[in-house]
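A closer look at the structure
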Amino acid sequence: MQLICAGSQERNIVCMKNSGSEDEVEAAEGNCSSESKPEESQACNTFTCVERDISLQGLEQTGLIAAGTDLIIKWQGGKLYGKVKLEVRQAGTSVDEPPTLSEEESGWEQDAYGLPTGLIDNTGNFTWPIPSSIASGKYFVRLTSGTDDANVDVSEDPLAIQAQRLYILLAIPASPGTASSTLTGLQ
């Protein structure tokens, strides 16, 4: 079955007559020929929607991505005006260790990593607000067509995401009787 990407255009047609000046005024329908009246609606975009191979674009990273920041995920392909599913899978619990990605289907998540649950519009990009609570590690991204589960792409290289860490710096006075202070911050 081929899907037709069809739409329609609608317009309001009225009979106009010249009032003798430069302005035209609306006239009764009987004053205009029905044979010369244009169509009020017409079909548009009547081409066949083609499913193209999905391809993730530009996810090659050279450094760490901080949790709590936005990452723009871009792709090409899928079905024009269709839907896609975006998922993430942790492939290592350290940003320093090599990632592991088995062929099994389990472990791909959406809502656990702040991605929309279900299908999203195939716009070619999505801004992923990486949760500040995400664990440090290597993560793969998978994009699947909403109309063909076999049309899928997984990022070649994992994203290295660094979790936020809370550091507490305690300043101890060097001599008795001097005040101490504590500095708390997120990294």
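The sections below set out a description of the structure shown in this document. (Residues numbered from 1 in each chain as written. Predicted model: local features only at pLDDT ≥ 70, side-chain atom pairs only at ≥ 80, totals over all residues. Heavy atoms only, no water.)

**Here's the deal with the overall build of the chain**
Within the chain, the regular secondary structure consists of zero helices and 15 strands. When each of the 187 residues of the chain is scored for burial, the buried share is 30%. Sequence-distant contacts in the chain: of pairs separated by 6 or more residues, those separated by 24 or more amount to 65%. Accessible surface for the chain amounts to roughly 12500 Å². Of this, 48% is attributable to carbon and sulfur atoms. (Helix = DSSP H or I, 4+ residues; strand = E, 2+ residues; numbered from the N terminus. Buried < 20%, exposed > 50% of the residue type's maximum accessible area, 1.4 Å probe, protein only. Contact = heavy atoms within 4.5 Å. Areas by Shrake-Rupley, 256 points an atom, 1.4 Å probe, with all protein chains shown as cover.)

**Details of the sheet that holds strand β5 (residues 51–57)**
Strand order in the open sheet formed by three strands is β5-β7-β10, and the pairing between neighbours is antiparallel. Each end of this open sheet is capped by a strand with a single partner; those strands are β5 and β10 (125–129). If you compare each strand with its neighbour and ignore which way they point, the axes differ by 25° on average. Relative to β10, strand β7 (residues 70–79) runs antiparallel, the two sharing five bridges. (Pairing = 2+ DSSP bridges. Axes fitted to C-alpha atoms, helices over the stretch in contact; angles between N-to-C directions.)

**Quick look at the nonpolar core**
Ranked by internal contacts, the top residues of the largest apolar core, which has 23 residues, are Ile73, Trp128 and Ile161. Contributing elements (two or more residues each) for this core: β5, β7, β8 (83–92), β10, β11 (137–145) and β13 (159–162). Contact partners of Ile161, with chain neighbours within four places excluded, come to Ile65, Ala67, Val95, Trp128, Ile130, Ile134, Ala135, Ser136, Gly137 and Tyr139. (Core = buried A, V, L, I, M, F, W, Y, C linked by side-chain atoms within 4.5 Å.)

**What to know about the side chain of Gln162**
With respect to the helices, strands and loops of the structure, Gln162 is situated in strand β13. A polar atom in the side chain of Gln162 sits 3.1 Å from the side chain of Ser136. What Gln162 contacts, discounting residues up to four positions off in sequence, is Leu64, Ile65, Ala66, Ala67, Val95 and Ser136. (Polar contact = N/O pair within 3.5 Å; in protein donor to acceptor, adjacent residues only side chain to side chain.)

**Some points on the pairing of β11**
Summarising burial for β11: nine of the nine residues are buried, a large majority. Alignment of β8 against β11, held across eight bridges, turns out to be antiparallel. Looking at the pairing, Gln90 lines up with Tyr139 of β11. Pairing between β11 and β13: three bridges, direction antiparallel. Each residue of the ladder has a partner; that of Gly137, found in β13, is Ile161. Here β11 runs beside strand β12 (residues 152–154); their pairing, made up of three bridges, is antiparallel. Residue Thr144 lies in a different strand from β12, and its bridge partner there is Val152. Hairpin geometry of β11 and β12 is characterised by an intervening segment of six residues between the two adjacent antiparallel strands.

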